[in-house]
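Reading the structure
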Number of protein chains: 2
Amino acid sequence: MQRYFASCKNDNIFILDDKDKHHILNVMRMKSNDHIEVVYDGVLYDCCLYLDNNFIVKCVSEIDSFSSNMMSIILIVPVLKEQKMDIVLQKATELGVDRIIPIITERCVVKVDGKEKNKVDRWSRIVKEASEQSKRINVPVIDNICKIDDLKFDDGVKLVCSTVEKQKKFKNIMQMHKNCDKMYIVVGPEGGLSSAEECKLNDLGFVSVSLGDRILRVETVPLFILSCINYEFLE
Amino acid sequence: MQRYFASCKNDNIFILDDKDKHHILNVMRMKSNDHIEVVYDGVLYDCCLYLDNNFIVKCVSEIDSFSSNMMSIILIVPVLKEQKMDIVLQKATELGVDRIIPIITERCVVKVDGKEKNKVDRWSRIVKEASEQSKRINVPVIDNICKIDDLKFDDGVKLVCSTVEKQKKFKNIMQMHKNCDKMYIVVGPEGGLSSAEECKLNDLGFVSVSLGDRILRVETVPLFILSCINYEFLE
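First things first, this report covers the structure right here in the doc. (Residues numbered from 1 in each chain as written. Chains lettered and ligands numbered in written order. Predicted model: local features only at pLDDT ≥ 70, side-chain atom pairs only at ≥ 80, totals over all residues. Heavy atoms only, no water.)

1. Description of the overall build of chain A
- Secondary structure summary: chain A contains 6 helices and 13 strands in total.
- With the C-alpha coordinates of chain A rotated into their principal frame, the extents come out at 60 × 45 × 30 Å.
- Taking contacts inside chain A between residues at least 6 apart in sequence as the whole, the part at least 24 apart equals 71%.
- Computing the positive centroid from 33 side-chain charges and the negative centroid from 36, chain A places the two 5 Å apart. (Helix = DSSP H or I, 4+ residues; strand = E, 2+ residues; numbered from the N terminus. Contact = heavy atoms within 4.5 Å. Lys, Arg positive; Asp, Glu negative; His and termini not counted. Charge placed at Lys NZ, Arg CZ, Asp CG, Glu CD.)

2. What about the relation of the copies chain B and chain A?
- Overlay of chain B on chain A (RMSD 0.0 Å): rotation 180°, translation along the axis 0.0 Å. In the structure described here, the two chain copies are related by an operation that fits a two-fold rotation axis. In terms of proximity to the rotation axis, the leading residue of chain B is C228(B), whose C-alpha is 2.7 Å off the axis. (Least-squares fit on C-alpha atoms with pLDDT ≥ 70 in both.)

3. With respect to the nonpolar core
- Core analysis: the biggest nonpolar cluster contains 90 residues, and F170(A), I225(A), F170(B), M183(B) and I225(B) have the highest contact counts within it.
- The contacts of F170(A), once residues within four sequence positions are left out, are L159(A), V209(A), S210(A), L211(A), I225(A), C228(A), I229(A), Y231(B) and L234(B). (Core = buried A, V, L, I, M, F, W, Y, C linked by side-chain atoms within 4.5 Å. Buried < 20%, exposed > 50% of the residue type's maximum accessible area, 1.4 Å probe, protein only.)

4. Digging into the packing of helix α2 (residues 82-94) of chain A against helix α6 (residues 220-232) of chain A
All names here are of chain A.
- Packing of α2 against α6 leaves a shortest axis separation of 9 Å and a crossing angle of 10°. It follows from the interaxial angle that α2 and α6 lie roughly parallel. Residue-level inspection shows I87, V88, K91 and A92 of α2 in contact with α6, the latter providing P222, L223 and L226.
- In the contact of α2 with α6, the residues fall into 6 nonpolar, no polar and 1 charged. (Axes fitted to C-alpha atoms, helices over the stretch in contact; angles between N-to-C directions. Parallel < 35°, antiparallel > 145°, perpendicular 65-115°, else oblique. Nonpolar A, V, L, I, M, F, W, Y, C, P; charged D, E, K, R; others polar.)

5. Notes on the side chain of T105(A)
- Structurally, T105(A) can be placed in the loop between β8 (99-104) and α3 (116-133).
- Of the residues examined, T105(A) reaches a relative accessible area of 6% and is grouped as buried.

6. Looking at the packing of α2(A) against α3(A)
All names here are of chain A.
- One can describe the packing of α2 onto α3 by two numbers: an axis separation of 8 Å at closest approach and a directional angle of 40°. As for how α2 packs across α3, the hand of that crossing is right-handed. Along its contact with α2, which presents E82, M85, D86, L89, Q90 and T93, the element α3 presents R122, W123, I126, V127, A130 and S131.
- Class assignment of the residues belonging to the contact of α2 with α3 gives a composition of 6 nonpolar, 3 polar and 3 charged. (Left-handed = near helix turned anticlockwise from the far one by under 90°.)

7. Quick notes on the interface of chain B and chain A
- At the junction of the two partners, chain B supplies 35 residues and chain A supplies 35 residues.
- Taken together, both faces of the contact between chain B and chain A bury some 3300 Å²; the carbon and sulfur share is 59%.
- On the surface where chain B and chain A come into contact, there are 6 salt bridges.
- Scanning the region where chain B abuts chain A turns up 17 residue pairs in polar contact (both at pLDDT 80 or more).
- Elements represented by at least two residues in the side of chain B that touches chain A include exactly α2 (82-94), α4 (170-176) and α6 (220-232) of chain B.
- If you tally residues by element for the side of chain B that touches chain A, the top one is α6(B), at 8 residues.
- Each residue belonging to the side of chain B that touches chain A can be placed in one class, and the counts come to 13 nonpolar, 11 polar and 11 charged. (Buried area = accessible area lost by both parts, 1.4 Å probe. Salt bridge = Lys/Arg side-chain N within 4 Å of Asp/Glu carboxyl O. Polar contact = N/O pair within 3.5 Å; in protein donor to acceptor, adjacent residues only side chain to side chain.)

Below you can see the structure in the form of structure tokens.
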């Protein structure tokens, strides 16, 4: 059954946004009495559509409520060119990222001046669609674009993917912290973080880790990391 | 230093293909006496360019020769739509795949009739470029497109990614066979393999494995698997 995230709930009626309505009417070509899955506030519902004179999504029953026991993953990624950023957002959502903090670093090639809000809105739409497609029960949060100096964190394990560090392997660090609640992971841009940036992150408590000897494109790194985290929990 | 794969070697002169020559002259804008890395037959060479009246790539010294001790990974993937296939080929190359066998399955949506050779040629170019970019020392082999019935294999561990199997986890099977020389992995198309196809593969010795509960797009699955294999060997 097709899954959508509701933006609002009034009694047993859910409100979907216009893009989802368009998808239901014009892409899926659904009719009155067809059913959809709706997620609202971490709960999954079976809903029935009434489309004759209006657009009503009515709750039929609660299917499931969720509590995740996997660690929360916060990915801190440089702003990449559009196509690469889209791949990262879509695949990271499929692979279970919880929050993405886009940052501007020294070697970022993308200019964002004046386009910050448009970009964040666009990225938020991409992760919402990817969440629906991969049947997640929540949508990753996309933070506003910021700089390393502006980063704020709670407790949690903090890692930065390094091209310099050779000793501390991501796998070993992951296995040491397998039971942590929250992990922050910084990925560098093409050309890597500058050594000043990596030092600054180290001062903020980020441990530099090696992902091994392969040379990965910048957009591959988040997918690699999230795949490994899923694998570590695959038992 | 930029890396290229030579198609041929005569004494200490390497022959590059036309696309690489174009890349050196018009993209990298290299000049005579500039150096490049050339891989030929599993050996990496430092080479000097002589471009004044001709295009000569002359060996200066051998840098390294390689022997891989990681298992050989053969990915068997359905023919996907162009953009998805390109992502799989490029990322699988970055992540160390050794051979890709494109197959036609019941639920493949792409028609290949009469275009087989063009497609395989195009895919071979993509993996060659990705190998150069990720500084591999070999280029993955792309087989001709075939059907499940036509698959031929040597010894090795054989896995098929299943949406039905829930007990046998990919991680457990991977760890059981960590020291094997060769692993064949079949990925299904959108909509999955048919149960007849999965049974046929099981009869051929392929073990159905679960990748966990996440719903991954078809092009994400090979990247997930190869990331996990790299992670397993990251010590």
